[in-house]
Structure formats: C-alpha cells, structure tokens
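Chain by chain, the residues:
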Amino acid sequence: QVQLVESGGGLVQAGGSLRLSCSASGRTFSGYAMGWFRQAPGKERELVAAIGWPGVDTHYKDSVKGRFTISRENAKNTMYLQMNRLNPEDTAVYYCAAGKGTIWLRSTYNYWGQGTQVTVSS
C-alpha cells in the first residue's frame, strides 16, 4: 500500500513555471532521502534534484541549478519541485522517489511514483 503520487505536471510555454508535488501514502518517509527524476523520450532516466532528511541537504543536476528548487514538508509527507524558467529541454516525465542512502545516487531510491508529464513548448 506504500505509494508516491506526483501531480502538477502540464503544458507550459518556455520561460514559464510549474510546481510538482509528490504525496506519500501508506507510510511516513521520515528519515528518507527523496528525489525527482525525469525521463525524456529516447533518453535515460536522470536525477534532477534530491533532498535529504529532514530537508537541509540538496543536490541538483547542473542544467537546472538556479531554476529548480526542491523542498519537502515533512509533516505533510509531501515533496515539491518548483520549476522556473522552463525550456523545451525540460520536457520529460517526472518521477518522485524515496529511499535511504546517498541522496545523489539512483541506487538509493527504491520507492517510486507513477510519473507526471511536463511539456514545455517554444
């Protein structure tokens, strides 16, 4: 019954913003790292941003630094990705994930959401 559910994706024009949410149910993710990954057609899934517990340490893919902000509200068991100044290269399915370990390693994450589509037009 453990589940991560993403929301907030959609279609935006280049330069616009979206805020993704990841809501956890079935258990608390206290003590877990959480992260956002994305996968574009024909591309491998890549880490976009990660955040440790309780939310101080963060990691970002170089191409999103200064544009994206990861955060979490632990009392709500929810994680967010604020995406600003979006460009077409950000188009992908975005997945939230959780796990224990080094926050920038994919192997850390063993709980995954279903993904939400982000499409940036220009």
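Scroll up to find the structure this text is about.
The structure presented is a predicted model; accordingly, all values stated were derived computationally and were not measured.

Chemist: Let's hear about the sheet that holds strand β8 (residues 78-83): which residues, and what values?
Modeler: The strand order across the open sheet formed by four strands is β1-β3-β8-β7, and the pairing between neighbours is antiparallel. The open sheet terminates on both sides in strands that have one partner only, identified here as β1 (3-7) and β7 (68-73). Geometrically, the sheet is characterised by an average inter-axis angle of 15 degrees between neighbouring strands, direction not taken into account. Where β7 and β8 come together, six bridges link them in antiparallel fashion. Residue pairing in the sheet places Glu73 in a bridge with Thr78 of β8.

Chemist: Go over the packing of aromatic side chains with me, naming the residues and quoting the values.
Modeler: Inspection of the entire model under this criterion finds five aromatic pairs. Consider the rings of Phe37 and Tyr109, whose centres lie 5.3 Å apart with planes at 80 degrees: the pair is edge-to-face. With Phe37 in strand β4 (residues 33-39) and Tyr109 in strand β10 (residues 109-112), this residue pair connects regions lying 72 residues apart in the sequence. Each member of the pair, Phe37 as well as Tyr109, carries the same accessibility label: buried. In this arrangement the basic side chain of Arg45 is found over the ring face of Tyr95, its NZ or CZ atom lying 3.7 Å from the centre.

Chemist: An account of the pattern of salt bridges is requested, with residue identities and associated values reported.
Modeler: Under the defined criterion, the tally for this structure stands at six salt bridges. In this structure, the salt-bridge partner of Glu46 is Lys61, at a minimum N-O distance of 3.1 Å. In this pair, Glu46 sits in strand β5 (residues 46-51) while Lys61 sits in the loop between β6 (58-60) and β7, placing the two residues 15 residues apart along the sequence. Across the pair Asp90 and Arg67 runs a salt bridge, and its minimum N-O distance is 2.8 Å. Highlighted residues: Asp90 in the loop between β8 and β9 (92-99) and Arg67 in the loop between β6 and β7, separated in sequence by 23 residues. Accessibility assignment for this pair places Asp90 and Arg67 in one class, buried. Salt bridges here are not isolated pairs; linked through shared partners, they connect Arg38, Glu46, Lys61, Arg67 and Asp90.

Criteria and thresholds
Residues numbered from 1 in each chain as written. Predicted model: local features only at pLDDT ≥ 70, side-chain atom pairs only at ≥ 80, totals over all residues. Heavy atoms only, no water. Pairing = 2+ DSSP bridges. Helix = DSSP H or I, 4+ residues; strand = E, 2+ residues; numbered from the N terminus. Axes fitted to C-alpha atoms, helices over the stretch in contact; angles between N-to-C directions. Phe/Tyr/Trp six-rings, centres within 6.5 Å; stacked < 30°, edge-to-face > 60°. Buried < 20%, exposed > 50% of the residue type's maximum accessible area, 1.4 Å probe, protein only. Lys NZ or Arg CZ within 6 Å of the ring centre and 35° of its normal. Salt bridge = Lys/Arg side-chain N within 4 Å of Asp/Glu carboxyl O.

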